[in-house]
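Working through the structure, step by step
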Amino acid sequence: MKAGARGDGTSRGKRLITAGGSGGSPIARGHAVALVTVLIWAVTFVSTKVLLEHFAPVEILFFRFVMGFLALVALRPRRLSVRGFAEERWFIAAGATGVMLYYLLENIALTFVTASIVGVVVAAAPLFTGLLSAAVFKERLHAPFFFGFLVAMAGVCLVSFGGAEALPAAAGARAGLGEVVVGVALALAAAATWAVYSLVSKKISTFGYDSVLATRRTFAWGLALMAPTLPLLGFSPDWPALLLPQSWANLAFLGLGASALCFVTWNVAVRELGPVRTSLYIYLVPALTVMASAIVLGDPLTPPVLVGVLLTVAGLFLSERGK
């Protein structure tokens, strides 16, 4: 974590961030990379489902970010020198919120309530991001933003509960009211945490560092903060299972694609579109997940799910108009 000589100048770092998109506008590029990001995130459930046969959620989380960090080290072996603690604290905050707290809160919530409930509650992240951005940056949010949120959440609920059994889940169908309240509260905390991460990543983007190096530093802090919690969360992986081809393949997808690549592209999108606009794409994750489920696993697309997908997309566009 100790900083050395700075690897990139500001101008060179900005060229690296926008490489490959010089022919389009920053806004169009931001929308494109945000869409790619949520497309990949929507498919992660397939790999996670396979890995859960051998590993606990916290073990999958740790391994994927270790692999993502190593991939970013290989991609940018230079060391990043930040300009003192005034900037370093933002990287610490990004690692704490976007890497450690968000995923830990989400995973713990899954032990109390169903994945469907967690998915619906976490999809409220754009609302938290908008409200936090309005409070911190004094951004104005108009009526279509809030109406779009209601429409999108109606769609998310239809997608989450219309095509699969809402019960049972990790905690089983016997979860009582107390467990449901705790699970929902944890999922709400995860959504709020992601909102904080979005604003923090926007601040980091103003420093002018190369996006890969900045993401790598965020991962490093996230892993450093996560490590002390592993024994408390029952980290005891089945090491021989790591040698299985399906384990390596799925961890590679989660580590290289869903972590290393997607955190870089998400940060680029936040830089180009701002945290509120970028966060709206989170509405699409449940819809894209159920579509991927139909394609990969052959799950049926019921009428409520199809209506939910349409409502989710409509809510996204409405909220975009209200920003």
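Residues numbered from 1 in each chain as written. Predicted model: local features only at pLDDT ≥ 70, side-chain atom pairs only at ≥ 80, totals over all residues. Heavy atoms only, no water.

As annotated in an unreviewed UniProt entry, the protein chain carries the name EamA family transporter and comes from Paraeggerthella hongkongensis. Its UniProt record gives the protein chain the following Sequence similarities (unreviewed entry) comment, quoted word for word: "Belongs to the EamA transporter family." The protein chain has a UniProt comment under Subcellular location (unreviewed entry) that states "Membrane". (UniProt positions renumbered as here; feature names shortened; annotations may be inferred.)

It is worth spelling out the overall build of the protein chain at this point. Along the protein chain, the regular secondary structure elements total 13 helices and 0 strands. Starting at the N terminus and walking to the C terminus, you meet the elements of the protein chain as α-α-α-α-α-α-α-α-α-α-α-α-α. A total of 323 residues make up the protein chain; the buried ones form 50% of that total. For the protein chain, contacts bridging at least 24 residues in sequence account for 90% of all contacts bridging at least 6. With an accessible surface of roughly 14,200 Å², the protein chain has 71% of that area assigned to carbon and sulfur atoms. (Helix = DSSP H or I, 4+ residues; strand = E, 2+ residues; numbered from the N terminus. Buried < 20%, exposed > 50% of the residue type's maximum accessible area, 1.4 Å probe, protein only. Contact = heavy atoms within 4.5 Å. Areas by Shrake-Rupley, 256 points an atom, 1.4 Å probe, with all protein chains shown as cover.)

For helix α6 (residues 125-137), built from 13 residues, the straight-helix expectation of 18 Å at 1.5 Å per residue is met to within 8% by its first-to-last C-alpha distance of 17 Å. All of the buried residues along α6 are Ala-125, Pro-126, Leu-127, Thr-129, Gly-130 and Ser-133. Immediately beyond the C-terminal end of α6, within one or two residues, lies Lys-138, with a positive phi of roughly 60 degrees. (Expected span 1.5 Å × (residues − 1).)

Glancing now at the pattern of salt bridges. Counting across every chain of the model gives 6 salt bridges. Here Glu-87 ties to Arg-83 by a salt bridge, and the two come within 2.9 Å at their closest N and O atoms. With a relative accessible area of 9%, Glu-87 lands in the buried category. Take Arg-83: its relative accessible area is 42%, and that puts it in the partly exposed class. The residue Glu-272 makes a salt bridge to Arg-271 at a minimum N-O spacing of 2.9 Å. Take Glu-272: its relative accessible area is 14%, and that puts it in the buried class. Through salt bridges with shared partners, a single network forms among Arg-29, Arg-271 and Glu-272. (Salt bridge = Lys/Arg side-chain N within 4 Å of Asp/Glu carboxyl O.)

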